[in-house]
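In case you want the letters, here they are:
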Amino acid sequence: MDIRDESIVRPPDQPLDPATLTFGRQFSPNMFMVDWERGRGWHDPRIVPFGPLSLSPAAMVLHYGQEIFEGLKAFRHADGSVHLFRPDRNAARLNRSARRMSMPELPVELQLEAMRTLVAVDREWVPERPGTLYVRPAMIATEEALGVHSSNRFLFFIITGPTGPYFKTQGTVRILVARDWVRAAPGGTGFAKTGGNYAASLIAGVEAERCGCQQVLWLDAVERRHVEEVGAMNLMFVLDGVVTTPPTSGTILEGVTRESIGVICRELKIPFVERAIHIEEVFDGLEKGDCTEVFGCGTAAVVSAVGELVDYQNGTERVYKVGDGKEGPIARKLRETLTSIQFGLVPDTHGWLLRV
Ligand SMILES: *Cc1c(COP(=O)(O)O)cnc(C)c1O
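Since this is a predicted model, take the numbers as computed values, not measurements.

(A) How the structure looks around the environment of Gln 313. Looking at the secondary structure, you find Gln 313 in strand 16 (residues 302–313). Taking relative accessible area as the criterion, Gln 313 reaches 34% and is therefore assigned partly exposed. Along the chain, Gln 313 and Arg 76 lie 237 residues apart, while their C-alpha atoms are 46 Å from each other. Of the polar contacts made by the side chain of Gln 313, one reaches the side chain of Asp 311; its length is 3.3 Å.

What follows is the structure, given as structure tokens:
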């Protein structure tokens, strides 16, 4: 499919300074769009100036939340070239999310072409290291109808925006164990990147803030004891020197960062296993010193070390410190290795980078 180009040229007013860019607040001047209609399929792919969508107030996405999204980054290398990190994995995951949410799949080739073309058009908006261009594809149900059914029309679009490091300082976060709410249940939508999962999780974030925490640690919905995710990141522990993470069997989102860290661990000869982990095992390990590191991983923050776990139950608060409260050596090694690949400081031996 040929992408119609109606893009505008608008370079940044000032050189982009990664130190002052906040995540998700600034957007590049152009966006990609393509429409889908039952019986007609995907049509009219185009790049147009970034701006408000024209949508009926009866559009199904606004009432029933039929929506999915993705998140990935483009990196500027020292030679000026721009590269997307593993966009094929995001495109495949978008289609897994689409199937779960009864939405049409979008050919991976078209997704990649759209991302590449859009980032190329706005390449001046890709900051220098350590800044990145965040790329946000999304699909929404646009049919004007209030009867509950799967929409007959969808819009897929991609917006992008320059961003600095997710955390200004590589500090650690304080995490509240979520006892009252669950993020995802077996048979539900936990593995899909869909807005409703986020909407349902916001209340726990508010509760976390009241305890001086930045995020919550999600437990499984059935037994309420297996650890699953932290905020909107996958979760890893260093237990007896082994990087340990729960398996993604339906209730956990299959993170591209998580998968990449597994590969990097194997190469660096850092033991890595996927297995069920009980929260009591984590608390025990933290008390005895067998659990030396806890960290979340995801595209936005890459690796985010947890400094403290807070458990609030029946009116008593227990605080478990992780190591010395700072980022541990394995988290740092993994973060540095991954970002070195992304920024082209070391050779991309896995073919993870797609040049724009
Ligand atoms: C996006 C997301 C992640 C991280 O996935 P990456 O591909 O590594 O960015 C983890 N958990 C949830 C719930 C997410 O939405």
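(B) Expanded view of the packing of aromatic side chains. Counted by the stated rule, this structure contains eight aromatic pairs. Ring centres of Phe 75 and Phe 343 lie 5.0 Å apart, and the angle between their planes is 90°; on these two criteria the pair is classed as edge-to-face. A residue pair is termed long-range when its members are at least 10 positions apart, and Phe 75 in strand 5 (residues 72–76) and Phe 343 in the loop between helix 7 (329–342) and strand 18 (353–355) qualify at 268 residues. You'll find Phe 75 and Phe 343 in the same group, each marked buried.

(C) Region of the structure containing the nonpolar core. Grouped together as the largest cluster of nonpolar side chains are 47 residues, with contacts concentrated most on Phe 32, Leu 84, Val 119, Val 135, Met 139, Phe 156 and Ile 158. Apart from the residues lying within four places of it in its own chain, the contact partners of Val 135 are Glu 70, Gly 71, Leu 72, Ala 74, Leu 84, Met 115, Val 119, Ile 158, Ile 159 and Thr 160.

(D) Highlighting unusual backbone geometry. Omega for the peptide link from Arg 129 to Pro 130 comes to 5°, which places this bond in the cis form. As for its position among the elements, Pro 130 is in the loop between helix 3 (108–121) and strand 7 (132–141). If you check the backbone angles, Arg 224 has positive phi at about 55° while not being a glycine. On the secondary structure map, Arg 224 appears in the loop between strand 10 (215–219) and strand 11 (227–230). Of note in this structure, Lys 269 is not a glycine but carries a positive phi near 60°.

(E) Up close: the site of the ligand. Near the ligand lie 14 residues; those nearest to it are Lys 193, Tyr 198, Glu 229, Thr 257 and Thr 299. Between a nitrogen atom of the ligand and a side-chain N or O atom of Glu 229, the distance comes to 2.5 Å. Between the ligand and Ala 232 there is a distance of 3.3 Å, counted from a nitrogen atom to a backbone nitrogen or oxygen. Within the complex, 96% of the 380 Å² of free accessible area of the ligand lies under protein. Because more than half of its atoms lie within 2 Å of the grid, the ligand is assigned to the largest pocket. Of all the elements in the fold, those that place two or more residues in the shell around the ligand are strand 12 (233–239) and helix 5 (256–268). Residue composition of the shell around the ligand, grouped by class: five nonpolar, five polar and four charged.

(F) Geometry of the side chain of Ser 28. Along the chain, the position of Ser 28 falls in the loop between strand 1 (4–5) and strand 2 (30–37). Take Ser 28: its relative accessible area is 1%, and that puts it in the buried class. A polar side-chain atom of Ser 28 sits 2.7 Å from a polar atom in the side chain of Thr 160. Those residues in contact with Ser 28, other than ones at most four positions away along the chain, are Phe 50, Asp 122, Trp 125, Leu 133, Thr 160, Gly 161 and Pro 162.

Reading the values: the criteria
Residues numbered from 1 in each chain as written. Predicted model: local features only at pLDDT ≥ 70, side-chain atom pairs only at ≥ 80, totals over all residues. Heavy atoms only, no water. Helix = DSSP H or I, 4+ residues; strand = E, 2+ residues; numbered from the N terminus. Buried < 20%, exposed > 50% of the residue type's maximum accessible area, 1.4 Å probe, protein only. Polar contact = N/O pair within 3.5 Å; in protein donor to acceptor, adjacent residues only side chain to side chain. Phe/Tyr/Trp six-rings, centres within 6.5 Å; stacked < 30°, edge-to-face > 60°. Core = buried A, V, L, I, M, F, W, Y, C linked by side-chain atoms within 4.5 Å. Contact = heavy atoms within 4.5 Å. Near = heavy atom within 4 Å. Areas by Shrake-Rupley, 256 points an atom, 1.4 Å probe, with all protein chains shown as cover. 1 Å grid on protein atoms, 1.4 Å probe; cavity = no way out; pocket = protein on both sides within 12 Å on 5 of 7 lines; lining within 4 Å. Sits in = over half its atoms within 2 Å of the grid points. Nonpolar A, V, L, I, M, F, W, Y, C, P; charged D, E, K, R; others polar.

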